[in-house]
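What the coordinates show
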Number of protein chains: 2
Amino acid sequence: MNALVRTLARLTFLTGICCAGKLSNESTPNIIIMLMDDMGWGDLGVLGQPSRETPNLDLMAAQGMLFPNFYTANPLCSPSRASLLTGRLPVRNGFYTTNGHARNAYTPQEIVGGISKEELLLPKMLKKKGYTSKIVGKWHLGHRSQHLPLEHGFDEWFGAPNCHFGPYDGIRRPNVPVYNNSKMVGRYYEEFHIDRKTGESNLTQIYLEEGLGFVLRQALARQPFFLYWAADATHSPVYASRRFLGRSQRGRYGDAVMELDSSVGQILSLLRKLGIEQNTLVFFTSDNGAAVMSGPNESGSNGPFLCGKQTTFEGGMREPAIAWWPGKIPEGAVSFQLASVMDLYITSLALAGISPPNDRTLDGLDLTPVLLHPPHETHNTSLTDRPIFYYRGDELMAVRLGPYKAHYWTWSNSWEEFKTGIDFCPGQEVLGVTTHAQKEHTMEPIIFHLGRDPGEKYPMSALTQEYQDVLSRMAPVVQQHKKTLVPGSPQLNMCDLAVMNWAPAGCEKLGKCLKAPESKPWKCDWPH
Amino acid sequence: MNALVRTLARLTFLTGICCAGKLSNESTPNIIIMLMDDMGWGDLGVLGQPSRETPNLDLMAAQGMLFPNFYTANPLCSPSRASLLTGRLPVRNGFYTTNGHARNAYTPQEIVGGISKEELLLPKMLKKKGYTSKIVGKWHLGHRSQHLPLEHGFDEWFGAPNCHFGPYDGIRRPNVPVYNNSKMVGRYYEEFHIDRKTGESNLTQIYLEEGLGFVLRQALARQPFFLYWAADATHSPVYASRRFLGRSQRGRYGDAVMELDSSVGQILSLLRKLGIEQNTLVFFTSDNGAAVMSGPNESGSNGPFLCGKQTTFEGGMREPAIAWWPGKIPEGAVSFQLASVMDLYITSLALAGISPPNDRTLDGLDLTPVLLHPPHETHNTSLTDRPIFYYRGDELMAVRLGPYKAHYWTWSNSWEEFKTGIDFCPGQEVLGVTTHAQKEHTMEPIIFHLGRDPGEKYPMSALTQEYQDVLSRMAPVVQQHKKTLVPGSPQLNMCDLAVMNWAPAGCEKLGKCLKAPESKPWKCDWPH
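Residues numbered from 1 in each chain as written. Chains lettered and ligands numbered in written order. Predicted model: local features only at pLDDT ≥ 70, side-chain atom pairs only at ≥ 80, totals over all residues. Heavy atoms only, no water.

Our next topic: the overall build of chain A. When you go through chain A residue by residue, the secondary structure sums to 14 helices and 21 strands. Its C-alpha atoms give chain A a radius of gyration of 22 Å, near enough to 24 Å, the size a compact globule of 528 residues would have. With the principal axes as the frame, chain A shows a C-alpha extent of 70 × 60 × 50 Å. Going through the 528 residues of chain A one by one, you find that 64% of them count as buried. (Helix = DSSP H or I, 4+ residues; strand = E, 2+ residues; numbered from the N terminus. Rg over C-alpha atoms; globule rule 2.2 N^0.38 Å. Buried < 20%, exposed > 50% of the residue type's maximum accessible area, 1.4 Å probe, protein only.)

Looking at the secondary structure, you find Gln223(A) in the loop between α7 (203–221) and β8 (225–230). Here Gln223(A) is in contact with Asn30(A), Gly130(A), Thr132(A) and Gln218(A), once residues within four sequence places are set aside. (Contact = heavy atoms within 4.5 Å.)

Before going further, it helps to spend a moment on the relation of the copies chain A and chain B. Mapping chain A onto chain B calls for a screw motion: a turn of 180° about the axis and a shift of 0.0 Å along it, with 0.0 Å RMSD after fitting. Considering both components of the superposition, the chain copies are consistent with a two-fold axis. Both copies contact each other with a shared surface, as 100% of the interface residues of chain A are interface residues in chain B too. (Least-squares fit on C-alpha atoms with pLDDT ≥ 70 in both.)

Quick look at the state of the cysteines now. Counted by the stated rule, this structure contains 6 disulfides over all chains. A sulfur-sulfur distance of 2.1 Å marks the disulfide that ties Cys495(A) to Cys524(A). Given an S-S torsion of about 110°, the disulfide between Cys495(A) and Cys524(A) has right-handed geometry. Taken together, the residues Cys495(A) in strand β20 (residues 494–495) and Cys524(A) in the segment after β21 (522–523) connect sequence positions 29 residues apart. Across a sulfur-sulfur distance of 2.1 Å, Cys307(B) and Cys425(B) are joined as a disulfide pair. With the S-S bond torsion at 100°, the cross-link from Cys307(B) to Cys425(B) turns out right-handed. Residue Cys307(B) is found in the loop between β9 (280–286) and α9 (314–317), and its partner Cys425(B) is found in the loop between α12 (415–419) and β18 (439–440); the two are separated by 118 residues along the sequence. The exposure class assigned to Cys307(B) is buried, which follows from its relative accessible area of 2%. (Disulfide = S-S within 2.5 Å.)

Here we come to the pairing of strand β7 (residues 183–187) of chain A. For strand β6 (residues 177–180) of chain A and β7(A), the ladder comprises 4 bridges, and the chain directions are antiparallel. Each residue of the ladder has a partner; that of Val178(A), found in β7(A), is Gly186(A). (Pairing = 2+ DSSP bridges.)

Below, the discussion takes up the sheet that holds strand β19 (residues 446–449) of chain A. Residues and elements named next belong to chain A. The 4 strands are arranged β14-β15-β16-β19 in an open sheet whose pairing can be described as antiparallel. Since the sheet does not close on itself, it has two edges, and those belong to β14 (388–392) and β19, each with one partner. Pairwise comparison of adjacent strand axes, ignoring direction, gives a mean angle of 20° for this sheet. Note: strand β16 (residues 404–407) against β19, 4 bridges, orientation antiparallel. The partner of Tyr404 across the bridge, within β19, is His449. Set on the sheet, helix α13 (residues 465–484) makes contact with β14, β15 (395–401), β16 and β19; between it and β15 the angle comes to about 125°. (Axes fitted to C-alpha atoms, helices over the stretch in contact; angles between N-to-C directions.)

Spelled out as C-alpha cells, the structure:
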C-alpha cells in the first residue's frame, strides 16, 4: 500500500470505524466494476481452468452470483468498454468503423476519434445522486484531450488511455502516457516499467493501491462511489510483479491472473473491514474473450468455447462474470440469465435510483431483479427473454435467443492473414463455420443450440422442425432490431500520426513533451 | 428407496443410531469409489460446465479435495476398470489386444477373455481386514462365469457385465443380463427398460437404492465396507429417469448428469445421517474421457482438452476427480498431484492397513499423504514426481512427467473411419498431432507443456533448450518403463458369438435361457 492508504488504514482500524450502519447508505449503494483485459471465460478456477489460479474469485463466486451466460458487446476492447460505460451497442455509440465490411476497430494511438460528447457515460449519470467516480487502469475510449475520462464524468483517474504496447522510440511513436487525473505523470517503459523480457511490472500493484485508496477515502467521507477498476495485466504484453512471476503453472499469463485474483481479494477484504460490503455491489468481468491468437505464453483460455478475441464465436464474446454483494445477493447462486456488459449501466442507475436517459436507445437490461430476487428454480422459464447481438463493425454477425444462436455471417480472419500465421481459432476448425472468407448465411443461418453444444461444433440441420421453429422466433427479433437501429456516427474511421500521445497535458512540467509530426490523416486499415 | 432401505432407514433414525463413535472404526475406514461412464472432465460445474448441472458434486469438491490432474489408465472403459481394480496398467493385467498395432479393445458380448484369475482385485485384498464389498452397476471385466465379480472378491453385485447397448432380438444377439449377485434377474430392454426414443430408464434410481441399501446394512452391522458404485447413465445410449428428463439445458446427456449428481448427493447425505462420514473415504471419478464422437445429445464435455474417449490426448484420459472425507481431507483443497485411477488400489489398501501384493508390479501411488497431509503450498515442488503412461493396446503412445507430455505416437482414428463420419476430435484439429494415420515420433517426440497449453495446441520447438531438457528427463523414465515391463497375456484378442450372454446363471428359473450358436472363434477386429 502507498503511504496515504497505509495512514488512513491505520487511522480507521485504530478508531474502530468499521460498522456497516455508519458508512452505508441504502439508497445509493457503492458500485465497483472490475473489468479485466482479454481474460477468457475459462481463466477462472470456478469456470474450469485446470491450473486454478483464482482462489479469491472462486470464493467471490461462492459468496455471490455466477453468470455463465454473460456477454460483452464486442469482441474487442475499445468498443466493449464504450458499451459498458454507455449501456449501448458500439454501432449506436460510434465505437465502430465503416472502412471495411464487418471489421473490428479500436483506439490505437493514431486514432482520431473517441467517445462522443453526445454520449452520457455512467459516471456522469451517477453524479445526479452525488456519486464520486474513479477509473483505475485502461481507458481506451480515445486519448485526445476531449475524449479523456475526466471530460466524461469521472472525478478521478489513474491509468493510461491506450494499450501498454511498446517500448517506442519517441520519434516514430511516443510511449503511452500514464495519467493521474487530468495530467500525465509519466510514460510506460519510462517512468512506468514493463520488462518485455521478464514480464515484470508493478502496474497491477499500483492499480490495486489506487483502488484501495479511493475506496478508503470514499468510505471515510461517507460518500457513495463508483470505482471502475480496469487492470490490464492479462493483455499482451502480459506482465506481473516480481513476487508473482513464476508462481503459476501457466507461465506469465497465469502469474498475471494470480496477481489480479489476489488484488480482487484485497479489495473485497477492504470492503468487509470497512463494514461497507453490504452496501457495495461488486461486479467482475472481462472486456472480450482470451486473445488465443497470441499463443500460450501471452493469452488465456476460453474454456470449452470456439475461437477467441476478434471473433463473434462464443470464445470471443462470452465472459466470466460474478456479482458480489453480501446480504443482498444470495450466496453460491448461479443465474443463467442472458446478460451483457451493457446491463451494468442500467443496473447501476437502477440501484442508485436514477432514471436512465430517455432520449436514446439503451441496449441493457436492468439486472436488479435477477441479482436481488433470483428465482429458486433456475430453469429457463424464469429468465427474461432477451436477445444477444454479436457485431463486427456495423454488421450483425449473429444473434442469441434463449439457448439458440444463429450466425448470419461467419468469419474468423482472412486467408491472407491466416497464411501469415495469425490464427484466431488455434487448434479448432468447424467446417463452414470458422471460415476464412466472410460468408453470408442470411438466407439460411447456421444455428447452434448452445446448451447441448456450447462449443458451436454441430450446426443444426435446416431440415428439422426445431430449426424452423427457432428461425421463426429469431426472424422478427432481427427484423425489429435492424428496422429500428439508428447507427451512431462511426468514430473509428480516421487515423493520423499527428494525434498520437506526443504532448499530453502535464508533459511540460515533466519535460516529456514530444514533437508531433505534420497532420496527414488517412482512413485506418482494419484487417479483421 | 426400496422397502428394505425404507424400513432400515426408519429403524435407524427412530432409534437414533447416528453417532460417529458407535459406527466408525478408525483402522478400517469404509471406501466408496464412484466411477462414472464416459463422463468428461468438463462435465462438472466446478470444472467449467456452462450448464452447471452438478450442485452436489460441486459441494463435494468444496468439502473435499479436487484433483485437476487425475488420469485414467486407458481411454476405454474395460481396460480402465480393470486397472482401477488391479492397480495395474492394462498391458500388465491383460486388458489389451495385440490383434493390431495400438488398438483399443474392450469386452463386448462376443469377447472370449476377461479378468484373469491371476489378478488380485481390490475387494479380494480388502477381505484380509474383513471388508464386505459390493459392486453396483457396470462390471465390464468379462461376462463369462469365471470372470464375474463374485469370482473376484466382491460379496455382492447388482448390475450388468456389459454395456447397455440394444435392444437385441435374442436370436442374433441376446440382450445383456442384469445380475443380482450370482444370478441374473432379467435383461436390459426386457425386465430393465431403457426407452431408446425418449431416453427414459430408472436404472440410476435402482443403482442408487442398491448403493444406499448396502451402505445402510453395513453401517448397522458395523462392518467395514467397499462400495464400487459404477453407474452408467452417461454412456451411450444415455438415459435418465422420467423426473430428470428435460431438466437440464444440455438435453438427455445433461439430464443423466443431473440424476447422477443427485444420487451422489443422496449417498453422501446418508453417510452423514448414519454418522459414518468421518470414517468413509468417497472418491468420485470417471472411466475415460467424454465420447465426443457420439455428438452433442449423447456425449459430454472434455472442457479445454483435446479430443476424447479412444484417444491418448488429454480429452481421452484426464478425468474429473474428487476425494471426500470430512474431518480427514481438508475442505476446499486442490491437489495438483499427477494421480491415476490405479492409485485408488494401493491407497485403499494403505487406508485399510493391508500390504499390497509383493509378487507383481503395481502402477499406483499411495495417495494417503496427499489426501491426509496436503502441503499448504500447492506448488509443484511439493508433489511426488511420477510419470503418467498413455497406452493404446501395448503401444506406449505418450508420457506425462511434471507439466510436460511427450507423444511418441499420435493417432486419432484412421482416414477410412474418419471419412465415414466417425470423428474422435470434432471441431478440433492440430496439425501433425491429431493425425489420421498412426505417426511415430520416437526420434523426436511432440512435447507439450500442459500448464501453459492444456489443450495440446502448441507443440514445443525441438530447437529449444527447454525441449532438450525435458527430453533428457523423459528418456530414462521411458527406457526404464519399457525395459522392466512384462506384458500380461492379452485377454482381448479372441471373439466368439457362442460366448455371448445366451444363458447366464439364473436364466432357467426365469425362463430366459437362449440357445447359443456353435462356437466359431475369430480374432476380434479392433478398428481404432
